[in-house]
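Listed here are the chains, written in short residue letters.
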Amino acid sequence: MTFQSLLQPGRVLGNVEARSKKHALDILSELLSSAADIDQGDVFQCLIGREKLGCTAIENGIAIPHGRLAALERPLGAFLKLSRPVDFDAPERAPVDLIFGLLVPMPEADAGCHHEEVSFIATELADRNFAAALRRATSSRALYDLLVNHHAARAASA
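To start, this report covers the structure provided alongside it. The structure displayed is predicted, hence computed values, not measured ones. Residue numbering note: each chain is counted from 1, following its sequence as written. For a predicted model such as this one, the threshold for reporting local features is a pLDDT of at least 70, and the threshold for listing and counting side-chain atom pairs is 80 or more; totals across whole chains, interfaces and linings nevertheless cover every residue. Side-chain metrics rest on all non-hydrogen atoms present in the structure, leaving aside hydrogens and water.

**Description of the nonpolar core**
The definition of a nonpolar core used throughout is a set of buried Ala, Val, Leu, Ile, Met, Phe, Trp, Tyr and Cys residues joined through side-chain atoms within 4.5 Å. Residue exposure (1.4 Å probe, protein chains only): buried if accessible area is under 20% of the type maximum, exposed if over 50%, otherwise partly exposed. Counting residues in hydrophobic clusters, the biggest one holds 28 residues, and the most contacted among them are Leu80, Phe88, Ile99 and Leu103. Where helices and strands are cited, they refer to DSSP runs of H or I of at least four residues and of E of at least two residues respectively, numbered from the N terminus. Secondary structure elements with two or more residues in this core: helix 2 (21-36), helix 3 (40-53), strand 5 (76-86) and strand 6 (96-105). In terms of residue count, the dominant contributor to this core is helix 2 (six residues). Whether two residues are in contact is decided by their heavy atoms, any of which lying within 4.5 Å being enough. Non-local contacts of Leu80, meaning those with residues more than four positions away in its chain, are made with Leu13, Val16, Ala24, Ile27, Leu28, Leu31, Asp97, Leu98 and Ile99. Membership of the second largest hydrophobic core comes to 23 residues, among which are Leu125, Phe130, Ala137 and Val148.

Next up, the structure:
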């Protein structure tokens, strides 16, 4: 798995003005729905429904809202770097400014199959140097390039 398999340049946005967690999820829903020709309301309800089960924020100002939709054929991602962090209802109350939204197909047998994707994203974004580089990026294209090249760069240096 790679970020490149989940993202397209048009689904990575920097310096996004989001007023709240709900607004950030609405922006993610728009990006994700346009990628798969799915109703934005369905995507938003999927993401909000997952948030009601438990906050998807992880440490260091990062959140990974995710969900499953039957209409998908493959996993899809979108990434937002917010211009100002928002309250994401994280247990430690740390605001979030880096948000990776993920949608995966509804599995037929294994309801937990998306855990591999979420684990990959969490592991990559947990790298504090990588998160700092994402925060320093000044354009959506620079964010996209950092995301798709990060895993390859880490693998090459290992």
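**Some thoughts on helix 4 (residues 115-125)**
When helix 4 is considered as a whole, its buried residues turn out to be Glu117, Val118, Phe120, Ile121, Glu124 and Leu125. Taken end-on, helix 4 shows its buried residues confined to a sector of 160°, consistent with a single buried face. As used here, the arc is the angular range of directions from the helix axis to the C-beta atoms.

**Remarks on the pattern of salt bridges**
When a carboxyl oxygen of Asp or Glu is within 4 Å of a side-chain nitrogen of Lys or Arg, the pair counts as a salt bridge. Applying the stated criterion across every chain yields a total of five salt bridges. One salt bridge in this structure joins Arg135 and Asp97, with 2.8 Å as the shortest N-O distance. Within this pair, whereas Arg135 is found in helix 5 (residues 128-136), its partner Asp97 is found in strand 6, the two being separated by 38 residues in sequence. Assessed through its relative accessible area of 28%, Arg135 is described here as partly exposed. The residue Arg141 makes a salt bridge to Asp145 at a minimum N-O spacing of 3.1 Å. Here Asp145 and Arg141 lie together in helix 6 (residues 140-157), a separation of four residues that amounts to about one turn. Shared partners join several salt bridges into a network, and the residues in it are Lys21, Glu51 and Asp89.

**Some thoughts on helix 3**
What sets the pattern is the α-helix's 3.6 residues per turn: residues three or four places apart point alike. With 14 residues, helix 3 extends 20 Å between its outermost C-alpha atoms, agreeing within 8% with the 20 Å of an ideal straight helix rising 1.5 Å per residue. Here helix 3 has its buried residues at Val43, Phe44, Cys46, Leu47, Ile48 and Glu51. Counting of polar contacts relies on pairs of N or O atoms within 3.5 Å, with two restrictions inside protein: one atom must be capable of donating a hydrogen and the other of accepting it, and residues adjacent in sequence are counted only when both atoms are side-chain atoms. Sitting at the head of helix 3, Asp39 places a side-chain oxygen 3.0 Å from the backbone nitrogen of Gly41. One fewer than the residue count of a helix, multiplied by 1.5 Å, yields its expected span.

**Some details on the pairing of strand 5**
For strand 5, a buried count of eight out of eleven residues is recorded, marking the element as mostly surrounded by other parts of the structure. The rule for pairing is simple: two strands pair if DSSP sees at least two bridges between them. Here three bridges tie strand 1 (residues 12-16) to strand 5, and the two strands are oriented parallel to one another. Counterpart to Val12 in the pairing with strand 5 is Phe79. Pairing geometry for strand 5 and strand 6, over seven bridges, is antiparallel. Directly across from Ala78, in strand 6, lies its bridge partner Gly101.

Remember that the coordinates give geometry; whether it matters functionally is a separate question.
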